[in-house]
Amino acid sequence: MAQLILDHVTKVFDDNGSDIVAVDDVNIDLEDGEFLVLVGPSGCGKSTTLRMVAGLETVTSGEIRLDDRVINDASPRDRDIAMVFQSYALYPHMTVRENMSFGLEESTDLDGDTISTKVTETAEMLNIGELVDRKPRELSGGQRQRVALGRAIVRDPEVFLMDEPLSNLDAKLRSGMRTELQRLQEDLGVTTMYVTHDQTEAMTMGDRIAILNDGRLQQVATPLEAYHQPANQFVAGFIGDPSMNFFEMEMQGDRLVGQEFAYPLSQQTRESLGDAVRVVLGVRPEDIELVSEASGDHDYETVVDVVEPMGNENNVYLNFTADSDTTFVATIGGMRSVEAGQPAVARFPESAIHLFDAETGEALKNRSLDELENAEPRL
């Protein structure tokens with residue numbers, strides 16, 4: 001297997017004389033055997049990054065290395081990289097066996113018996129052994145996806161690249177395939193870069209996730225770190241569903257003052273802000289507590305606007321007053337009864353808040369992972 005390194009990688013497209021920067025100075029190191037997920041909104045540059053690694057797009061500047069070998073100018077077939085596409089890209093006139101064999105026949109000197117053995121073993125591993133003589137039109141979406149994976153696996157590459165391979169599957173099958181892909185990657189131990197716009201896939205599958213926005217790398221972190229210790233306001237808002245609540249505030253003395261409420265700060269939190277005056281206060285929906293009555297500086301009278309029952313939990317949308325333009329969401333247990341129009345007291349624990357510089361978006365304060373590990377579970 002191999003270490004994959006993206007060193008100041010940039011991609012610029014020429015649009016009738018105007019430069020469009022699709023990927024801007026991206027630095028990512030994938031350790032040998034690591035599963036890294038590239039995630040971000042549509043058009044953020046994640047698929048372009050993957051295509052540069054595969055050799056399907058040229059690199060404008062920077063280096064892509066496999067271990068110590070620079071592969072910027074290597075042809076796709078010489079990179080020892082296998083790619084799985086969103087569209088499966090199976091040959092409709094070929095059987096499963098022929099689809100899985102084709103790449104080996106074209107790019108290696110392996111004899112027919114060896115290729116046949118590799119295809120059979122891989123098909124059995126993917127639970128499609130009984131389908132090898134069928135053609136793609138005779139397969140379900142999940143089966144086609146397994147064939148596409150098998151075609152990559154038989155090549156025994158140094159690196160797997162996967163470009164939203166599960167997006168064409170229905171929700172239940174996609175969930176099952178996520179688990180299978182994780183298990184498969186762990187068994188094979190192949191360095192993998194996986195592209196998705198689905199944050200659920202990113203959070204559940206990756207050893208680490210790399211978040212992109214407008215071609216720029218925002219953060220590379222474990223899923224837990226990205227969720228609880230985001231590098232900036234974009235990451236905080238992108239990761240999590242429902243997303244983090246944000247309130248524009250201004251530092252006045254020992255408290256933050258916003259349009260709807262004021263939030264007193266402890267000395268420790270004030271010190272974390274440095275010289276910042278305009279900040280954004282963030283709090284995740286599950287960290288907002290709905291309590292019976294106001295009893296502290298961080299408790300606020302609100303009115304329930306909308307309730308979204310999710311079964312195991314309820315997403316409760318709240319306003320500070322009935323005619324307020326500011327709506328935020330709290331996530332509470334599914335067995336709690338809450339109705340639209342009723343009053344509620346929302347508590348924002350200081351230990352759970354995040355603070356961001358209003359100008360740069362940079363995180364000034366995140367919650368402590370140590371506190372999270374020691375916290376008692378909420379009902």
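Keep in mind that this is a model prediction, so the values were computed, not measured. (Residues numbered from 1 in each chain as written. Predicted model: local features only at pLDDT ≥ 70, side-chain atom pairs only at ≥ 80, totals over all residues. Heavy atoms only, no water.)

### Some details on helix α4 (residues 141–153)
Part 1 of the argument: With 13 residues, α4 extends 18 Å between its outermost C-alpha atoms, agreeing within 8% with the 18 Å of an ideal straight helix rising 1.5 Å per residue.
Part 2 of the argument: Extensive coverage of α4 is indicated by the burial of 10 of its 13 residues.
Part 3 of the argument: Taken together, the buried positions of α4 are Gly142, Gln145, Arg146, Val147, Ala148, Leu149, Gly150, Arg151, Ala152 and Ile153.
Part 4 of the argument: Taken together, the buried residues of α4 touch β6 (81–84), α2 (96–107), α3 (112–125), β7 (159–163) and α5 (171–188). (Helix = DSSP H or I, 4+ residues; strand = E, 2+ residues; numbered from the N terminus. Expected span 1.5 Å × (residues − 1). Buried < 20%, exposed > 50% of the residue type's maximum accessible area, 1.4 Å probe, protein only. Contact = heavy atoms within 4.5 Å.)

### Remarks on the UniProt feature "domain: ABC transporter" (unreviewed entry) in the protein
Part 1 of the argument: In the UniProt entry, the feature "domain: ABC transporter" (unreviewed entry) is given for residues 4–239.
Part 2 of the argument: The span residues 4–239 shows a helical share of 36% and a strand share of 28%, and its end C-alpha atoms are spaced 25 Å apart. (UniProt positions renumbered as here; feature names shortened; annotations may be inferred.)

### A closer look at the side chain of Thr302
Part 1 of the argument: Within the secondary structure, Thr302 is located in strand β16 (residues 299–309).
Part 2 of the argument: Once you skip the residues sitting within four places of it in the chain, Thr302 turns out to touch Leu318, Asn319, Phe320, Phe328, Gln342, Pro343, Ala344, Val345 and Ala346.

### Here's the deal with the domain arrangement of the protein
The figure often quoted for interface size is the accessible area lost as the parts come together.
Part 1 of the argument: According to the domain assignment, the protein contains domain 1 (4–234) and domain 2 (243–366).
Part 2 of the argument: Using only C-alpha atoms to locate each centre, domain 1 and domain 2 end up separated by 39 Å.
Part 3 of the argument: With seven residues of domain 1 at the contact, the number on the domain 2 side is 10 residues.
Part 4 of the argument: Around 740 Å² of area is buried between domain 1 and domain 2 when both sides are counted, 50% of it from carbon and sulfur atoms. (Domains from an automatic or database assignment. Buried area = accessible area lost by both parts, 1.4 Å probe.)

### What to know about the nonpolar core
Proteins that are soluble and globular tend to have nonpolar side chains buried together.
Part 1 of the argument: If you look at the biggest cluster of nonpolar residues, it comprises 43 residues, and the most contacted ones within it are Met100, Ile128, Tyr194 and Ile211.
Part 2 of the argument: Element by element, the count of residues in this core is highest for α4, at five residues.
Part 3 of the argument: Setting aside residues no more than four positions away along its own chain, Ile128 makes contact with Val96, Met100, Ala123, Arg146 and Val147. (Core = buried A, V, L, I, M, F, W, Y, C linked by side-chain atoms within 4.5 Å.)

### Some words on the pairing of strand β3 (residues 35–39)
Part 1 of the argument: With five of its five residues buried, β3 lies for the most part within the structure.
Part 2 of the argument: Summarising the sheet, β3 and strand β8 (residues 191–196) pair through five bridges and their orientation is parallel. Each residue of the ladder has a partner; that of Phe35, found in β8, is Thr192.
Part 3 of the argument: Bridge count between β3 and strand β9 (residues 208–213): four bridges; the pairing is parallel. Within the sheet, the bridge partner assigned to Val37 lies in β9 and is Ile209. (Pairing = 2+ DSSP bridges.)

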